[in-house]
Amino acid sequence: MPRCIGRLVLGLVLAVAVLNVPAAVTAPPAEAACRPTLKSLTLARSTVTGGSSTTATIRLSCRTPRRAKVQLWASTGIRVPAYVYVAGGRSTRAVTVRTSPTTVRSSGRIKAVYKQVVRRATLVRAVTPCYPTPVPRTVALPAYVHAGQKATGTVTLDCVAKTSLAVSLTSSSSWVTVPGTLTIGAGRRTASFTATTKGPATGTLPAFNVTVKATRNRKSATRVMQVRPEIRSFRAGDGFTANEPILTPDETEGNEGWFKGTLRITLDHPAPPGGLDVKGVVVPEGQTWADVPIQFDSYPPDSRVTDHLTITDSAGNVLLREDFTYIVHRAP
């Protein structure tokens, strides 16, 4: 009987000991129970300028109990380590991704492999400015020009030139000429040129588009400009038209009973270089009209006014001298 009681007491002691063992001893840690797999490969930036860097993040499915070796691979122009380790107790690892300069926009891939699981990410390399030397970025020209006129254009490089360099210029039309070479000075990014248009000796040239191209190191920038029919400058023998002005009472002190207004005279052709004098008003080069102040001591009884018009060029040559008649209207 005493032996049975002793066995019973020993059993109770062992049972109590098992119940009081800490959970940390009886249950394995979460890290030990985890069997990590490769969950993702992400990039901080999916597009970078060639020659710059970004960061890739490798993420496992859980914290690895011991360091995990992840293999890496990248396309040409993108550089990553052959492999990296995710430290024990961690689930992520950041990796620096470097790129090479490029003259063309290109797309490449980065690949991570861990325990036969593969994850990929796509990285785009944008064109590297000034690589290997500055190249034309834009060509600026007016939207249109008339045949026989000149247009000022501007070539802009993708960065400032460290030394003077030459840019080749071409025109798609024999009716528009540009310099064959444009020099952009050291320390500058832009330079201007003149595009000269011409018209046929006889007849009228229909409107057409011309493409001006700037090229250096096989990189080009273009601009399309429309060439419209020639506009001949005003000359002797050309005509004009006059509007029907509205006359209002002149309320200036001393001019009681007088009427005043504005007469617009429109020329058949624009003013030539140097401009024109139209009834005492200067019409700038290229403009086709002039607003001339008029004043009468009484309102014309039949609303008809006969006046005299003289047009002279900048050299004082008289191009037109004649009388003309126009209708006026009393202000309501």
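Residues numbered from 1 in each chain as written. Predicted model: local features only at pLDDT ≥ 70, side-chain atom pairs only at ≥ 80, totals over all residues. Heavy atoms only, no water.

**Student:** Could you clarify how one ought to interpret the packing of aromatic side chains in this entry?
**Tutor:** The relation between two aromatic rings is expressed through the spacing of the ring centres and the mutual angle of the planes. Using the criterion set out here, one finds 4 aromatic pairs in the structure. Ring centres of Phe259 and Tyr299 lie 5.7 Å apart, and the angle between their planes is 65 degrees; on these two criteria the pair is classed as edge-to-face. One end of the pair, Phe259, is in strand β21 (residues 259–267); the other, Tyr299, is in the loop between β24 (289–296) and β25 (304–313), with 40 residues separating them in the sequence. The two residues Phe259 and Tyr299 agree in class, both being buried. Chaining the aromatic ring pairs together yields one cluster made of Phe240, Phe324 and Tyr326. Residue placement shows Lys69 over the ring face of Tyr83; its charged tip is 4.3 Å from the ring centre. (Phe/Tyr/Trp six-rings, centres within 6.5 Å; stacked < 30°, edge-to-face > 60°. Helix = DSSP H or I, 4+ residues; strand = E, 2+ residues; numbered from the N terminus. Buried < 20%, exposed > 50% of the residue type's maximum accessible area, 1.4 Å probe, protein only. Lys NZ or Arg CZ within 6 Å of the ring centre and 35° of its normal.)

**Student:** Sorry if this is basic, but what is going on with the sheet that holds strand β7 (residues 92–99) here?
**Tutor:** Remark on secondary structure: sheet strands pair via backbone hydrogen bonds, oriented parallel or antiparallel. The antiparallel open sheet is built from 4 strands, whose spatial order is β1-β3-β7-β5. Each edge of the sheet is formed by a strand with only one pairing partner; in this case those strands are β1 (38–43) and β5 (78–79). Two strands pair when backbone bridges link them, and strand β3 (residues 53–60) and β7 are joined in this way by 7 bridges, in the antiparallel orientation. When the sheet's bridge partners are listed, Ile58 is paired in β7 with Arg93. (Pairing = 2+ DSSP bridges.)

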